[in-house]
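Take a look at the letters that make up each chain.
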Amino acid sequence: MAHSSRRDAPEPPDFSLLKRLAKDQLIYLLEQLPGRKDLFIEADLMSPLDRIANVTALKQHEVDKLYKVEHKPIVSMCDQLCFLIRPRIQTVKWVADIVNADKAAGKFRRYKIIFSPRKFYVCETILEEQGVYGDVSTDEWDFYLLPLDDDIISLELPEFFRDTFLEGDQRWMTTAGSALHLLHSLYGPFSKAYGIGRSAKMTYALWRELVEEGEQRARKPDIGTVFLIDRDVDFVTPLCSQVVYEGLVDDIFRIKCGSAEFGPDVTSSDKSVKVMLNSQDKVFNEIRNEHFSNVFGFLSQKARNLQTAYDKRKGMDIKQMKTFVSEELKGLKQEHRLLSLHIGASESMMKKKTKQDFQELLKTEHSLLEGFEIRECIAYVEEHINRQVSMIDSLRLLCLLSLTENGLLPKDYRSLKAQYLQSYGIEHLLTFANLRQLGLLVEQQPGETLTVMESKVGKLVNDKTAGKLTDAFSSLAKKSNFRALSKRLALVPKSGEEYDLRIPRDMAYIFSGAYIPLSCRLIEQVLERDGWTGLEEVTRMLNGNEFAVTAGNSGSESRLKTDAQRIILVMFLGGCSYSEISALRFLGRERGFKFIVVTTAILNSARMLEAMLDSHV
């Protein structure tokens with residue numbers, strides 16, 4: 001569309017191999033239980049499984065019936081039961097209850113549990129405690145990576161965010177390291193690795209251990225550079241309202257495993273339609289990264305072009321009509337169907353997002369990012385809470401206010417917290433405790449101005465006698481430093497400048513020209529500088545844990561510059577948003593790079609804050 005490319009980016013590798021490997025391994029595991037069997041699948045594994053092995057493929061390998069795990073007594077009559085589950089205590093206990101119920105009823109069956117992506121020690125302990133350890137065989141489905149599109153790969157681990165950053169549980173690090181090792185084995189070797197964040201450093205170390213333990217094979221690399229980044233390096237970006245088309249679709253319709261369900265308000269019928277949203281959808285592929293204000297005009301033009309293509313039939317002779325029907329008509333009908341759906345989705349989103357309320361919301365967010373009219377912003381947040389507009393949206397605004405202001409003044413914190421609890425319920429006290437622990441919503445301590453905080457961090461970083469991170473440093477890690485980072489990295493374009501969203505000049509277009517995502521700016525700067533040199537002040541404010549490693553000899557460097565080195569794998573540990581993916585696509589077009597985004601899960605503000613709610617505990 002409006003974007004212009006400076007030079008063509010290289011084509012990404014073929015990631016369909018990851019699906020084939022996952023499917024082959026699953027079929028192998030199912031065949032370890034020969035004969036007819038019923039398969040019970042955990043709810044959040046159903047969509048990924050559907051992308052890898054459909055019902056027909058499972059039936060071919062003697063799966064009789066499929067059931068969703070619902071944590072209640074089962075009705076299966078089959079003599080063999082297979083459970084495809086996550087390594088969760090509650091689910092393992094449910095399986096043990098089924099086995100014990102069968103024993104009590106004198107029913108003999110064979111049971112197999114396939115854990116995905118891996119089995120934890122606690123799972124076997126529970127089976128032992130419940131007295132069924134010898135009755136159940138267990139295995140692991142090493143399903144690490146699901147390609148959602150040509151340039152998006154997901155680990156489908158939404159719990160990574162809460163477990164790692166709130167609970168301090170490092171159990172998913174091995175999975176992240178193994179996923180990176182698989183990519184390295186199939187598409188590497190990577191010649192450069194950059195990263196920032198505690199989890200990024202741990203994942204890198206685990207990956208390197210696996211590389212050194214494994215067999216070293218010389219091969220031509222498909223991917224030259226890998227960048228690892230922790231979600232807690234940048235909490236601000238996923239909390240901002242998404243205004244690119246793909247992000248808005250995710251916010252409103254919830255994209256799940258690369259597909260969205262459009263209801264009757266979109267389809268103009270009494271049925272809902274499930275649509276795969278990827279580069280195979282030609283209409284979606286052209287609008288996915290566009291600012292929403294440009295989308296409707298594009299779709300209108302597309303509809304006119306399609307009508308013109310249909311009108312070509314007039315005046316055709318029989319031979320031309322035959323050619324038209326066999327070669328063009330099917331494609332036009334498919335494009336017409338997709339165009340109708342995206343026009344319907346756009347109309348539905350316009351009704352919800354172009355009201356005065358949404359414009360006021362964006363204005364408030366932009367003021368917070370710029371650091372202007374903070375008292376007016378607080379008044380807006382109070383009104384939002386008191387009108388009970390949306391529990392999650394109110395929480396999002398509170399967190400954005402806290403992060404951009406490096407914490408709330410004590411009187412503001414107490415007042416806003418009291419109003420929130422009165423509006424949405426006292427049970428959210430624990431939610432506030434979670435947000436405080438994570439550093440998303442905190443109260444400024446007396447005398448903790450930004451300058452004082454920076455000097456404290458600087459003292460800790462420069463204290464060579466410390467040797468390791470101290471408790472004091474860990475407490476400082478919860479501070480945002482957003483304003484100083486914004487100034488240092490020029491995250492907020494100068495106010496007053498005209499910004500043409502039809503011809504974006506930088507990554508800020510994904511937030512209407514108001515803000516360049518911190519995560520993407522860091523990636524851009526490190527790639528430009530070939531490391532962290534010159535960004536010492538930035539890494540100090542982000543609490544360190546940055547690294548830059550170059551492997552291989554310099555002789556191959558010039559060759560790599562022209563191919564694999566321009567394909568960059570960015571791994572987000574804790575999830576990333578579609579807005580960030582759009583920003584990286586824009587950066588790739590501008591610089592001639594191809595970014596492959598690997599994420600533990602697709603994240604938006606709602607998913608991020610829902611993980612903090614007290615109901616999850």
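Parameters at a glance
- Residues numbered from 1 in each chain as written.
- Predicted model: local features only at pLDDT ≥ 70, side-chain atom pairs only at ≥ 80, totals over all residues.
- Heavy atoms only, no water.
- Helix = DSSP H or I, 4+ residues; strand = E, 2+ residues; numbered from the N terminus.
- Buried < 20%, exposed > 50% of the residue type's maximum accessible area, 1.4 Å probe, protein only.
- Contact = heavy atoms within 4.5 Å.
- Pairing = 2+ DSSP bridges.
- Patch = residues over 30% accessible without salt bridge, like charges linked within 9 Å, V, L, I, M, F, W, Y side chains within 5 Å.
- Areas by Shrake-Rupley, 256 points an atom, 1.4 Å probe, with all protein chains shown as cover.
- Salt bridge = Lys/Arg side-chain N within 4 Å of Asp/Glu carboxyl O.
- Lys, Arg positive; Asp, Glu negative; His and termini not counted.
- Charge placed at Lys NZ, Arg CZ, Asp CG, Glu CD.
- Core = buried A, V, L, I, M, F, W, Y, C linked by side-chain atoms within 4.5 Å.
- 1 Å grid on protein atoms, 1.4 Å probe; cavity = no way out; pocket = protein on both sides within 12 Å on 5 of 7 lines; lining within 4 Å.
- Points joined across faces, edges and corners; volume = space filled by probe spheres on them.
- Nonpolar A, V, L, I, M, F, W, Y, C, P; charged D, E, K, R; others polar.
- pLDDT = per-residue confidence, 0-100.
- Axes fitted to C-alpha atoms, helices over the stretch in contact; angles between N-to-C directions.
- Phe/Tyr/Trp six-rings, centres within 6.5 Å; stacked < 30°, edge-to-face > 60°.
- Lys NZ or Arg CZ within 6 Å of the ring centre and 35° of its normal.

K.L.:
How should I be thinking about the overall build of the protein chain in this particular structure?
P.N.:
What the protein chain contains, in helices and strands, is 27 helices and 14 strands. For the protein chain, the proportion of its 617 residues judged to be buried stands at 54%. If you take every contact in the protein chain between residues at least 6 apart in sequence, the share linking residues at least 24 apart comes to 78%.

K.L.:
I would appreciate a short explanation of the pairing of strand β3 (residues 80-85) in the present structure.
P.N.:
Regular strands have side chains that alternate between both faces of the sheet. Judged by how many residues are buried, β3 sits mostly within the fold: 6 of 6 residues are covered. Two strands pair when backbone bridges link them, and β3 and strand β4 (residues 110-115) are joined in this way by 6 bridges, in the parallel orientation. The residue bridging Leu 81 from the neighbouring strand is Tyr 111, located in β4.

K.L.:
What should I look at first to understand a negative patch on the surface in this one?
P.N.:
A grouping of Asp 8, Glu 11, Asp 14 and Asp 150 is seen on the molecular surface, where their side chains present a negatively charged patch. Relative to the helices and strands, Asp 14 resides in the segment before α1 (16-31).

K.L.:
Can you help me understand the nonpolar core in this one?
P.N.:
Among the nonpolar cores identified, the biggest contains 186 residues, and Phe 83, Trp 141, Leu 183 and Leu 440 are the most heavily contacted of them. With near-sequence residues (within four places) excluded, Trp 141 lies in contact with Ala 22, Gln 25, Leu 26, Leu 29, Leu 49, Ile 52, Leu 84, Ile 114, Phe 115, Ser 116 and Pro 117.

K.L.:
Please explain helix α6 (residues 159-166) as it appears in this structure.
P.N.:
Counting along an α-helix, one turn takes 3.6 residues, and residues three or four places apart therefore face a common direction. α6 sits mainly inside the fold: 8 of its 8 residues count as buried. The inward-facing, buried residues of α6 abut α7 (173-187), α8 (198-213), β9 (225-230), α19 (429-438), β13 (567-573) and α27 (605-610).

K.L.:
In this structure, what is going on with empty space enclosed by the protein? I would like to understand it.
P.N.:
Left-over empty space is what a probe sized like a water molecule reveals as it rolls over the atoms. According to the stated counting rule, one finds 1 cavity of 30 Å³ or more in the structure shown. The calculated volume of the largest cavity comes to roughly 40 Å³. Lining the largest cavity are Cys 240, Ser 241, Val 243, Leu 362, Glu 365, His 366, Leu 369, Phe 511 and Ser 512. For the lining of the largest cavity, a count of residues per class yields 5 nonpolar, 3 polar and 1 charged.

K.L.:
Would you mind going over unusual backbone geometry with me for this structure?
P.N.:
Glycine aside, residues mostly have negative phi, and peptide bonds are mostly found in the trans state. A cis geometry characterises the amide bond from Ser 116 onward to Pro 117, with omega recorded as 0 degrees. For Asp 530, which is not a glycine, the phi torsion comes out positive at approximately 60 degrees. Mapped onto the elements of the fold, Asp 530 is located in the loop between α23 (518-529) and α24 (536-541). Residues other than glycine seldom take positive phi values, yet Asn 545 does so here, at roughly 65 degrees. If you trace the backbone, Asn 545 turns up in the loop between α24 and β12 (546-550).

K.L.:
Could you clarify how one ought to interpret the confidence of the model for the protein chain in this entry?
P.N.:
Predicted coordinates in areas of low pLDDT are best not read in detail. Mean pLDDT over the protein chain works out to 86, with 86% of the residues at or above the 70 mark. The low-confidence segment residues 449-454 (pLDDT under 50) makes 13 contacts with residues lying over four places distant or belonging to another chain. Overall, residues 459-477 carries pLDDT values under 50, and its contacts beyond four positions in sequence, including any with other chains, amount to 14 contacts.

K.L.:
Quick question: what am I supposed to make of the sheet that holds strand β5 (residues 136-140) here?
P.N.:
Hydrogen bonds along the backbone pair up the strands of a sheet, which may run parallel or antiparallel. On the basis of which strands lie adjacent, the open sheet formed by 5 strands has the order β2-β1-β3-β4-β5 and parallel pairing. Strand pairing shows two members of the sheet lacking a second neighbour, β2 (63-68) and β5, which therefore form its edges. Strand-to-strand, the axes of this sheet are offset by a mean angle of 20 degrees, without reference to chain direction. Pairing of β4 with β5, which is carried by 5 bridges, proceeds in the parallel orientation. Bridging from a neighbouring strand, Phe 115 pairs with Glu 140 of β5. Its contacts with the sheet put helix α4 (residues 89-104) on β1 (37-41), β3, β4 and β5, and the angle it makes with β3 is roughly 170 degrees.

K.L.:
Please clarify how the packing of aromatic side chains should be interpreted in this entry.
P.N.:
Aromatic rings in a pair are described by how distant their centres are and how their planes are angled relative to each other. Applying the stated criterion across every chain, the model contains 22 aromatic pairs. Judged by centre distance (5.0 Å) and plane angle (85 degrees), the rings of Phe 253 and Phe 262 are edge-to-face. Both residues of the pair, Phe 253 and Phe 262, count as buried. The ring of Trp 207 carries the charged tip of Arg 208 above its face, separated from the ring centre by 5.2 Å.

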